[in-house]
Amino acid sequence: MTGNPGQEEGQLLQVADWLRVYRGGARPEALLAACLERARSKSPPATWIYLATDADLRGQLDALQALADGLSGIDAILQRLPLFGVPFAVKDNIDIAGVHTTAACPAYARIADGTSACVRRLQAAGAVWIGKTNLDQFATGLVGTRSPYGQPSSALDATRISGGSSSGSAVAVAAGLVAFSLGTDTAGSGRIPAGFNQLVGLKPTPGRVGTSGVVPACRSIDCVSVFAMTVDDAAHVLSVIEGADDADSYSRFKPGPADWQGDFQKGLGALRIGYPQDLQLDKDGDYSAPYRAALAHARAAGHELVAVDFTPLHQVADLLYAGPWVAERYSVVRTLLESQPESIDPAVREVIGAATRFSASDAFAGQCVLKALARDAQAIWRSVDVLLVPTAPRHPTFAEVAQDPLGANSALGVYTNFVNLLGWCALALPSGTTASGLPFGVTLIADANHDVALVNLGHTWQASLHIPMGASGVYPAQGVTDVALRSPAVQACLPLAVVGAHLSGMPLNGQLRERGALLRQKTATAPRYNLYALPATTPPKPGLVRASAGGHAIDLEVWDMPLEAVGSFLALIPPPLGLGSVELADGRWVHGFICESHAVAQAADVSSFGGWRAYIQSLASSRPLQPSAATDVHR
């Protein structure tokens, strides 16, 4: 490791750093003991509610050794245990067996009799928890100040709040105490602290990560989130903790695509990025300039910027605290609120106590309103692929929050509160600094199950900007390939070659898009095919036939079709066309459109045009066609 400003000699910051030193022969015992000692002696104030004891660490090391026993060599260990010996922190509303879970409320504290599903998966992958972190009480707040265990500050400015509710989890990573941490996110708690601490905050699609063993805030929309120094680290952790959770009735793991369609004419990577047409940023802050710079950066990368009306999104956000969803929080703490109201933070008590104003009929009316607004919000994805918003509208000081605890908190959620209610996913990213030197972050927001698409876009974003990680002063390592990090799951797809009316911009291309197919490659067949214009087809269609001798290279596109949609697509294919196997120019074989040979006996051979698009364009320009005689062909 290099001696960068803010980094201790030998300090390991990224997940890959830890895996790399283990591959080089280091042992977990010494490194993790030093990690725990650093957390005990050099943590910023109010980061932790509970730090592991020596016995806690020893027990985990014994369990780690048991997992590694029988595996031959470090490569086998890292393959089986992708987080071998990597330290992490856990927000203290997430259970670890035998350890108090407080949710930042001593009167609520209890010793957990089981470990949450997400922590169990991390431990099974070899990760080692160092402690449980501070939070806004009962995860109710975006400021990080509503805790009897103290008020963490931003790791980059002691006068500014850390953000919440996952305050300690963000600070622990930003200060370089652990490689990653778990937070929770209901209204932005896994994103706001990332923005205020120059971190990555990955908030999955609700249900992608099970929440059994997590103290609920709004159980129907709660998410376990990940804080990390880099997008790649966060994605690696998500790949471990995601999946069905039988103990969570809201679990709904459904992998989605690896990216978006993009614009074929501009290139496969060009996306339509939406931004708020009426930007809500604090007038006294200086977030406007770095946000404009972020939009300019996206445009310079080749993406199309699209102004979006956020009105339905703000209306959804209003439901979270001004509507009946606050009753979900009330149901968790009702007994405590009625018996020991003084044990609950005044601001938290006021927020949750508002639930008593709502009736059961109000709850159903709220659901109806949300359904209508969600329909309007979903229409946004017809015009854009992803949203790019400021993570927060400003970064308050402690004094500002103390002066107006509820107002300062409420203002922070303008671009976060609506996401979980709509079932979407989000990724908070560092994006520069303000004129006064404060960290500035943006958040990418996408439709449900586009988590990996966000990760891939976020990786490109972070790699293209020169921004230190957290408060370390260290820049992310680029181009390091000796340690392989994993990616979260994507939907299973069938590569499908199309040569005619299903090409981009052609009449039947919508049949692919409406089934979620993604354009993967523009290429050509091996030079062993002929293309024919089939007579009396509407819209006009070609027939691709493998030549018995000779042949041409025919332009085509390869689309990834979700397996679950293949059946409905097959039902649309009329004779004499069908799906078979097509050889590509690089020698690979994929499934694709082929034609029965008898159907081309009287068809015009248009192979000389090199592809169906060129042939159709020739008709539009009245270019004369010289049909060639039918040749002896087979499938």
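Above this note sits the structure.
Residues numbered from 1 in each chain as written. Predicted model: local features only at pLDDT ≥ 70, side-chain atom pairs only at ≥ 80, totals over all residues. Heavy atoms only, no water.

Considerations on unusual backbone geometry
Reasoning step 1: Here the residue pair glycine 164 and serine 165 is connected by a cis peptide bond, since its omega of 5° sits within 30 degrees of zero.
Reasoning step 2: As for its placement among the helices and strands, serine 165 is situated in the loop between strand 7 (157-161) and helix 6 (167-174).
Reasoning step 3: Residue proline 576 is bonded to the preceding proline 575 through a cis peptide linkage, with omega at 10°.
Reasoning step 4: With respect to the helices and strands, proline 576 occurs in the loop between helix 18 (563-570) and strand 21 (577-583).
Reasoning step 5: Of note, the phi angle at alanine 46 is positive, near 65°, even though the residue is not glycine.
Reasoning step 6: Here alanine 46 lies in the loop between helix 2 (28-42) and strand 1 (48-51).
Reasoning step 7: Of the residues examined, alanine 46 reaches a relative accessible area of 19% and is grouped as buried.
Reasoning step 8: Even without glycine at this site, phenylalanine 138 takes up a positive phi of about 55°.
Reasoning step 9: Relative to the helices and strands, phenylalanine 138 is located in the loop between strand 5 (128-133) and strand 6 (153-154). (Helix = DSSP H or I, 4+ residues; strand = E, 2+ residues; numbered from the N terminus. Buried < 20%, exposed > 50% of the residue type's maximum accessible area, 1.4 Å probe, protein only.)

Details of the sheet that holds strand 2 (residues 87-91)
Reasoning step 1: Taking strand neighbours across the sheet as the criterion, the 11 strands line up as 1-5-2-8-10-9-14-15-13-11-12 in an open arrangement whose pairing is mixed. Two strands bound the open sheet, and with one partner strand each, they are strand 1 and strand 12 (304-308). Each strand of the sheet is rotated relative to its neighbour by a mean of 30°, with strand direction disregarded.
Reasoning step 2: Strand direction decides the pairing type here: strand 8 (residues 180-185) and strand 10 (residues 223-228), joined by six bridges, are antiparallel. By the bridge assignment, serine 181 is partnered in strand 10 with phenylalanine 227.
Reasoning step 3: Sheet strands touched by helix 9 (residues 288-300): strand 11 (272-276), strand 12, strand 13 (386-390), strand 14 (425-433) and strand 15 (439-446). Its angle to strand 13, the strand with the most contacts, is close to 155°. (Pairing = 2+ DSSP bridges. Axes fitted to C-alpha atoms, helices over the stretch in contact; angles between N-to-C directions. Contact = heavy atoms within 4.5 Å.)

Points about the packing of aromatic side chains
Reasoning step 1: If you walk through the whole model with that rule in mind, you get 13 aromatic pairs.
Reasoning step 2: Note on tyrosine 287 and phenylalanine 440: the rings are 5.0 Å apart at their centroids and 75° apart in plane angle, and the pair reads as edge-to-face. One end of the pair, tyrosine 287, is in the loop between strand 11 and helix 9; the other, phenylalanine 440, is in strand 15, and 153 residues separate them in sequence. Phenylalanine 440 shares its class with tyrosine 287; the two are buried.
Reasoning step 3: Ring geometry for phenylalanine 310 versus tyrosine 415: centroids 5.9 Å apart, planes at 85°, classification edge-to-face. (Phe/Tyr/Trp six-rings, centres within 6.5 Å; stacked < 30°, edge-to-face > 60°.)

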